[in-house]
Structure formats: C-alpha cells, structure tokens
Amino acid sequence: MLACPRDGAAVPADVAPDVLAAAARAYDVVVADVPRHLDGLGTAALQRCEGAVLVVPEDVRCVAAGRIALARVRSHVPRVLLVTVRRPGGLGSGPVAEALRLPVVARLGHDRRLRGDVDHGRGPGRSRTLRRASGQVLDLLGLGGAA
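Now for a description of the structure that goes with this document. This one's a predicted model, so the numbers in the text were calculated from it and none came from an experiment.

**As for the sheet that holds strand β4 (residues 80–85)**
Strand order in the open sheet made by the three strands is β3-β4-β5, with parallel pairing throughout. The open sheet terminates on both sides in strands that have one partner only, identified here as β3 (52–57) and β5 (104–108). Averaged over all adjacent pairs, the angle separating strand axes in this sheet is 25°, with direction ignored.

**Looking at the pairing of β3**
Alignment of β3 against β4, held across six bridges, turns out to be parallel. Among the inter-strand pairings, Val 55 is bridged to a residue of β4, identified as Val 83. Handedness of the crossover joining β3 and β4 through helix α3 (residues 60–74): right-handed.

**Topic: the packing of α3 against helix α4 (residues 93–100)**
A pair of packed helices is characterised by two quantities: the angle between their axes and the separation of those axes. Where α3 meets α4, the axes come as close as 10 Å, and the angle between the chain directions of the two elements is 35°. Here α3 and α4 pass one another in a crossing that is right-handed. Here Val 63, Gly 66, Arg 67 and Leu 70 of α3 lie close against α4, whose contacting residues are Val 96, Ala 99 and Leu 100. For the contact of α3 with α4, a count of residues per class yields five nonpolar, one polar and one charged.

How each quantity is defined
Residues numbered from 1 in each chain as written. Predicted model: local features only at pLDDT ≥ 70, side-chain atom pairs only at ≥ 80, totals over all residues. Heavy atoms only, no water. Pairing = 2+ DSSP bridges. Helix = DSSP H or I, 4+ residues; strand = E, 2+ residues; numbered from the N terminus. Axes fitted to C-alpha atoms, helices over the stretch in contact; angles between N-to-C directions. Right-handed = clockwise from strand over helix to strand, strands pointing away. Left-handed = near helix turned anticlockwise from the far one by under 90°. Contact = heavy atoms within 4.5 Å. Nonpolar A, V, L, I, M, F, W, Y, C, P; charged D, E, K, R; others polar.

Below is the structure:
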C-alpha cells in the first residue's frame, strides 16, 4: 500500500514513476491512497490504475467533495467504483450514489479499532467489514484471485 502524506507535503513528481514501477514489479496488487488534491504521486498512480475506488462518507459535505474528487479521478481513470461510509444521521448510500451517479459497490461502518490497528502495524485485517468490501472491489476489478 502506498499512501500520500496528510500534511500537504508532495512526493516529487520525478520519483513517483519509479516508486510505482517498483511496487508493480514486486506485488500483484498495489493500493495507492491518493489525496483529493492530486500531487505527482497521485496523478502517476491513477494513470497506471486498473480502476479507482472513491470512498465517500454519507454526509452532504463529503458528497460535495466527492463530486470534485470524482471529476479529477475520471480524467485519469476510466473505471471508478464507489464505497460509502455510514454516518450517524447521515444521508444513506442511496442519495450518495444518486448525487455521484455511481452505484455503491460496498458500504462501510465506522470501525474504532481500525486506525489503532494500522498505526501499530497490524493492518486492517481484523475488520470483517473492510475485508468483505475489499474483496468486492477486487472482484469487480478482476483482481479477486490476486489478493
């Protein structure tokens, strides 16, 4: 998994292709977490993707941000899948799908252990919901047997 820093620091554009090429040689599936505001690594990652997954929490503000992100992603990737994240009192997955004009392929709930598991090197493997959603996405991208 490749992730962009959340502090706004950009990965140098001249490094991105080499990082991605090395990951693709070493692994069957490479997951790249790209920021909403695409930097060099995010753009390079999207240009090499089989497909992208847009993860959108089910609230109005996030749907608005999702529309902007979707337009940027679609300029690099022809296939975009939508995963929504439940919010207490939120919109629900139907209105999110309608606003973004994409079908929801998976819906995630909040997992309070997830951040701690990832931060402590255990990864997301303990979350059944996340494993199920990941499997659905990989199957839709034709990569189910590779994981």
